[in-house]
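# A structural walkthrough
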Amino acid sequence: MDAEPRASSSVGAPARVFSGIMPTGTLHLGNYLGAIVHWVRLQQVHPSLFSVVDLHAITTPIDPSLLREKIREVAALLLACGIDPDLATVFVQSDVPAHAELCWILNCLAPVGRLERMVQFKEKAGQQRENENVGLFDYPVLQAADILLYCGQPPRPVLVPVGADQRQHLELARDLARRFDLRFGPVFAEPIAAVAETGARIMGLENPLKKMSKSGSNPGDVIALLDPPDAVRRKIKRAVTGPGREVRFDQSQPGLFNLLTIYQLLSGQSRAEIESHFAGKGYAALKSELAELIGAVLTPIQDRYHDVRSNPDYLAEVLTDGAERARRESSVVLEAAKRAVGLG
Ligand code: AQP
């Protein structure tokens, strides 16, 4: 994998690595390549926490029994992808009340105008902004709380490996940390976004101008981590490439570029090696080899996923233990924040 996530500023060792993932659907190749593969690597190097952010998931309508199932599915998939509970803390956000509590404190510093400019809110709310729920509007402040809770005391920056779509939210988290510290003294440190140079925005297969997304309306745009090999083959076959025949990393052909980016990340080969491998072969060969490559990566993940799901006690134990650790680590920072503002 040549796509190390790059921190937006350089500092010493981070306090911790933190990142979250919403249980709003089945995880896909974008979540995997943009975020999870980096988490798997970073957990070896830094103390890390990865959260299934279910409080974020209820900002859009979701059936309660489906949400309950998706929380377990996402947690099991994280383990199947290589998140190791002996190295990292894996927990469900709503098991740690400090997230909602710190969110409220930060709400009292967050400018409404700033939240109104958040691209993800504008996209998700669409034309119905006046009728949208406050939770969706407030989503980035909860995300700031998720991150800042793990800066430790005395505070040190939290490293946050995310896809490119989260950059703007990370800027808000940095801003809220600054505002808080200026007003109340040094409780937080500005977190650092780590966004990979390649793969931070995997695009839809049939609509390569939109990012691959769990909640998108077209299943043909998305390779789910639980897709069987024949579904992967079918979706890759139908993927948009564009005119021409030459297999080249050409930004003016976003569909082809996206397929080649996925190939590059999964194969670990350089762009030059890939172009020379496919010289004179055409798009059909690329699609066929890419589908096989994706299948080869997904099959062991799916096998491990089914193992984890067949042992619900194990999964429950991992999440209970993770929640205890997260409660312990976050309480230090929450107490410092409450003391600083004059609460408690
Ligand atoms: N297409 C993508 N390419 C690269 N990275 C991506 N991520 C999401 N989509 C892509 C990254 O995956 C992590 C977890 O994302 P999330 O579940 O918290 O929510 P999201 O960013 O809103 O992802 P989705 O799939 O589009 O979910 P829905 O449809 O529910 O909103 C994040 O680090 C994200 O950047």
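If you're wondering where the values come from, they're calculated on a predicted model, not measured in any experiment.

## Focus: the overall build of the protein
- When helices and strands are counted, the protein shows 13 helices and six strands.
- With respect to the principal axes defined by its C-alpha atoms, the protein has extents near 70 × 45 × 45 Å.
- With 344 residues in all, the protein has 53% of them scored as buried.
- For the protein, the computed accessible surface area is about 15,400 Å², with 51% contributed by carbon and sulfur atoms.

## Topic: the pairing of strand 5 (residues 158-161)
- Neither face of strand 5 is exposed, since Val-158 and Val-160 on one face and Leu-159 and Pro-161 on the opposite face are all buried.
- Crossover strand 5 to strand 6 (residues 192-196) through helix 8 (residues 167-184) is right-handed.

## As for the domain arrangement of the protein
- As assigned here, the protein comprises domain 1 (5-201 + 312-341) and domain 2 (219-307).
- Relative to domain 2, the C-alpha centre of domain 1 lies at a distance of 30 Å.
- Of the residues lining the interface, 13 residues belong to domain 1; the matching set on domain 2 comes to 17 residues.
- Ranking the residues of domain 1 by area buried against domain 2 places Leu-29, Ala-80 and Thr-198 at the top, with a combined share of 39%.
- Counting every contact that joins domain 1 to domain 2 gives zero salt bridges.
- The set of elements that each furnish at least two residues to the side of domain 1 that touches domain 2 consists of helix 1 (29-42) and helix 3 (64-81).
- When residues in the side of domain 1 that touches domain 2 are grouped by element, the largest group, five residues, is from helix 3.

## Describing the site of the ligand
- Near the ligand you find 24 residues, and of these Lys-124, Asp-165, Ser-213, Lys-214 and Ser-215 are the closest.
- A distance of 2.4 Å is found between an oxygen atom of the ligand and a side-chain nitrogen or oxygen belonging to Ser-215.
- Mapped onto the shell around the ligand, the elements with two or more residues apiece are strand 2 (16-21), helix 1 and helix 6 (119-125).
- Among the elements that make up the shell around the ligand, the one with the highest residue count is helix 1 (four residues).
- Looking at the shell around the ligand residue by residue, the classes come out as seven nonpolar, twelve polar and five charged.

## Structural notes on the packing of aromatic side chains
- Overall, the coordinates contain eight aromatic pairs when judged by the stated rule.
- Here the aromatic rings of Phe-121 and Phe-137 are separated by 5.2 Å at their centres, their planes lie at 75°, and the arrangement is edge-to-face. Of this pair, Phe-121 sits in helix 6 while Phe-137 sits in helix 7 (residues 134-148), and the two are 16 residues apart along the sequence.
- Overall, Phe-137 belongs to the buried group, its relative accessible area being 18%.
- Ring geometry for Phe-180 versus Phe-188: centroids 4.8 Å apart, planes at 65°, classification edge-to-face. For the pair formed by Phe-180 and Phe-188, the shared burial category is buried.

## Details of unusual backbone geometry
- Residue Pro-154 follows Gln-153 across a cis peptide bond; omega there is -10°.
- Looking at the secondary structure, you find Pro-154 in the loop between helix 7 and strand 5.

## A short note on the side chain of Asp-138
- With respect to the helices and strands, the residue Asp-138 is situated in helix 7.
- Although Asp-138 lies buried, it forms no salt bridge, and the closest oppositely charged side chain, Arg-114, sits 13 Å away as judged by the N-O distance.
- Once you skip the residues sitting within four places of it in the chain, Asp-138 turns out to touch Cys-103, Asn-107 and Leu-115.

## A closer look at the packing of helix 10 (residues 254-267) against helix 12 (residues 283-309)
- Put simply, helix 10 and helix 12 touch, their axes get as near as 10 Å, and they point 40° apart. Here helix 10 lies oblique to helix 12, going by the angle between them. Taken as a pair, helix 10 and helix 12 cross one another with a handedness that is left-handed. Residues Leu-256, Leu-259, Leu-260, Ile-262, Tyr-263, Leu-266 and Ser-267 of helix 10 form the contact with helix 12, whose participating residues are Tyr-283, Leu-286, Lys-287, Glu-289, Leu-290, Leu-293, Ile-294 and Val-297.
- Taken together, the residues of the contact of helix 10 with helix 12 break down into twelve nonpolar, one polar and two charged.

## With respect to the nonpolar core
- Counting 66 residues, the largest nonpolar core has Leu-29, Tyr-32, Ile-236 and Ile-294 as the members making the most contacts within it.
- The greatest single-element share of this core, amounting to eleven residues, is contributed by helix 12.
- Excluding anything up to four places from it in sequence, Tyr-32 contacts Val-37, Cys-81, Leu-225, Leu-266, Val-297 and Ile-301.

## Let's talk about the environment of Arg-233
- The topology assignment puts Arg-233 in helix 9 (residues 229-238).
- On the accessibility criterion, Arg-233 (40% relative accessible area) is partly exposed.
- Sequence spacing of Arg-233 and Val-195 is 38 residues, and the spatial spacing of their C-alpha atoms is 29 Å.

## Brief notes about helix 3
- Look at helix 3: 26 Å from first C-alpha to last across 18 residues, which is about the 26 Å you get at 1.5 Å a residue.
- Two residues or fewer after helix 3 comes Gly-82, characterised by a positive phi angle close to 120°.

About the thresholds
Position labels on residues start from 1 in each chain and follow its written sequence. In keeping with the model being predicted, local features are shown solely for residues with a pLDDT of at least 70 and side-chain atom pairs are shown and tallied solely at 80 or more, while totals for entire chains, interfaces and linings include all residues. Only hydrogens and water are set aside when side-chain values are computed; all heavy atoms of the structure are taken into account. Per the convention used, a helix needs a DSSP run of H or I reaching at least four residues, while a strand needs a run of E reaching at least two, with both numbered from the N terminus. When a residue's accessible area, from a 1.4 Å probe over protein chains only, is under 20% of the maximum for its type it is buried; when over 50% it is exposed; and in between it is partly exposed. Each accessible area value is a Shrake-Rupley result obtained with a 1.4 Å probe; residue values ignore everything except the protein chains displayed when judging cover. By the criterion used throughout, a crossover qualifies as right-handed when its path from the first strand across the helix to the second strand runs clockwise, the strands pointing away from the viewer. As annotated, the domain borders come from an automatic or database domain assignment. Contact definition: two residues touch when any of their heavy atoms are within 4.5 Å. Each of two parts loses accessible area, computed with a 1.4 Å probe, when they are put together; buried area is these two losses added. Salt bridges, as used here, are contacts in which a Lys or Arg side-chain nitrogen is within 4 Å of a carboxyl oxygen on Asp or Glu. Throughout, the term near means that a residue has one or more heavy atoms lying within 4 Å of the molecule or strand in question. Two N or O atoms count as a polar contact when they lie within 3.5 Å, although within protein this holds only if one can serve as hydrogen donor and the other as acceptor, and sequence-adjacent residues are included solely when both atoms are side-chain atoms. Side-chain classes follow a simple rule in which Ala, Val, Leu, Ile, Met, Phe, Trp, Tyr, Cys and Pro form the nonpolar group, Asp, Glu, Lys and Arg form the charged group, and the remainder, Gly included, forms the polar group. Stacked, edge-to-face and tilted labels apply to pairs of Phe, Tyr and Trp rings (six-membered ring for Trp) whose centres lie within 6.5 Å, assigned for plane angles under 30 degrees, over 60, and everything in between, in that order. Residues counted as positive are Lys and Arg, residues counted as negative are Asp and Glu, and His and the chain ends are not counted. Geometry is summarised by axes, namely lines fitted to C-alpha atoms with helices restricted to the contacting stretch, and by angles between N-to-C directions that run from 0 to 180 degrees. Here roughly perpendicular refers to angles of 65 to 115 degrees, roughly parallel to angles under 35, roughly antiparallel to angles over 145, and oblique to all remaining angles. Here a crossing is taken to be left-handed if its near helix is turned anticlockwise relative to the far helix by less than a right angle, and right-handed if that turn runs clockwise. Among buried residues, the Ala, Val, Leu, Ile, Met, Phe, Trp, Tyr and Cys ones that are joined through side-chain atoms within 4.5 Å form a nonpolar core. Here, expected helix span is obtained from the residue count minus one, scaled by 1.5 Å.

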